[in-house]
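Spelled out from the first residue to the last, the chains are:
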Amino acid sequence: MDLFDKLNNLFTEAGKEVEQKAKEVSDSMRLNAKIRDEKAAIKECMEKIGRLYYEEQQGKGAGVYQESFDRIHKSQEAIRQAKKELEEYRKKEECQYCGAAMRKEDLFCSKCGMKREQPCSEEQKTPEEAEEAATEEKETSENPEQAEQTEDKASENVEMETAESMDSETAEAADEVSDSADSAEQE
């Protein structure tokens, strides 16, 4: 029985040590959480004080604050610039052939090289394009001979674009036929 008593005492002491360590860890975690919460409260108050001081000074710091004020102004400008770029990015359109992003002023896709179909209505044109169209219209109305030449060039351009479009469509169709023939041969 002596052996069982020794084992019982050994397990009891080990259990008490584990209990003590668990209590220490628990207390340590609780205290660390309290410290973290208090630091967060201090940081929040400091930020509020800084924001109030910045607003009170109307963004014009002096002395030891000047460097921080300058950094704030620099960051604000960087944010404005990034928002402007983001807005420009959102104005981009997609290529109707490959889906790559295109700016409104791009005539050709930078990825696949295909010509973008231009909008037909005056409302969709940029102010520069509308002004250019108005200037051309004015010039053609003043010079009938030049108007006839401009019309001839425009019809030639339309014919060329139509031919290019048909060529690309024909090439795509030929590729599809070739691909399906290749896959049929492999089977």
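About the thresholds
Residues numbered from 1 in each chain as written. Predicted model: local features only at pLDDT ≥ 70, side-chain atom pairs only at ≥ 80, totals over all residues. Heavy atoms only, no water. Helix = DSSP H or I, 4+ residues; strand = E, 2+ residues; numbered from the N terminus. Buried < 20%, exposed > 50% of the residue type's maximum accessible area, 1.4 Å probe, protein only. Contact = heavy atoms within 4.5 Å. Areas by Shrake-Rupley, 256 points an atom, 1.4 Å probe, with all protein chains shown as cover. Salt bridge = Lys/Arg side-chain N within 4 Å of Asp/Glu carboxyl O. Patch = residues over 30% accessible without salt bridge, like charges linked within 9 Å, V, L, I, M, F, W, Y side chains within 5 Å. Phe/Tyr/Trp six-rings, centres within 6.5 Å; stacked < 30°, edge-to-face > 60°.

A. Geometry of the overall build of the chain. Check the secondary structure of the chain and you find four helices and two strands. Listing every helix and strand of the chain by position from the N terminus yields α-α-β-β-α-α. The burial tally for the chain puts 6% of its 187 residues in the buried class. A sequence separation of at least 24 residues applies to 4% of the contacts in the chain between residues at least 6 apart. Taken as a whole, the chain presents about 16,700 Å² of accessible surface, with 52% of it coming from carbon and sulfur.

B. How the structure looks around the pattern of salt bridges. Counted under the stated rule, the structure contains four salt bridges. Asp27 is paired through a salt bridge with Lys23; the nearest N and O atoms lie 3.3 Å apart. Taken together, the residues Asp27 and Lys23, both in helix H1 (residues 2-56) and four residues apart, mark about one turn of the helix. Owing to a relative accessible area of 49%, Lys23 belongs among the partly exposed residues under this scheme. The salt bridge involving Asp27 is made with Arg30; its shortest N-O contact spans 3.9 Å. Remark: Arg30 and Asp27 occur in helix H1; sequence separation between them is three residues, near one turn of the helix. According to the relative accessible area criterion, Asp27 is partly exposed, its value standing at 27%. Residues joined in a network through salt bridges with shared partners are Lys23, Asp27 and Arg30.

C. Just a nonpolar patch on the surface, in detail. Together, Leu3, Phe4, Leu7, Leu10 and Phe11 make up a nonpolar patch on the protein surface, roughly 580 Å² of accessible area in all. Checked against the element boundaries, Leu7 lands in helix H1. Taking relative accessible area as the criterion, Leu7 reaches 35% and is therefore assigned partly exposed.

D. Up close: the packing of aromatic side chains. For the structure shown, the criterion picks out three aromatic pairs. When the ring of Tyr54 is compared with that of Phe69, the centres are 5.0 Å apart and the planes differ by 45°; the resulting orientation is tilted. Placement of the pair is Tyr54 in helix H1 and Phe69 in helix H2 (residues 66-90), with a sequence separation of 15 residues. A single burial state applies to Tyr54 and to Phe69, both of which are buried. The rings of Tyr53, Tyr54, Tyr65 and Phe69 are connected pair by pair, giving a single aromatic cluster.

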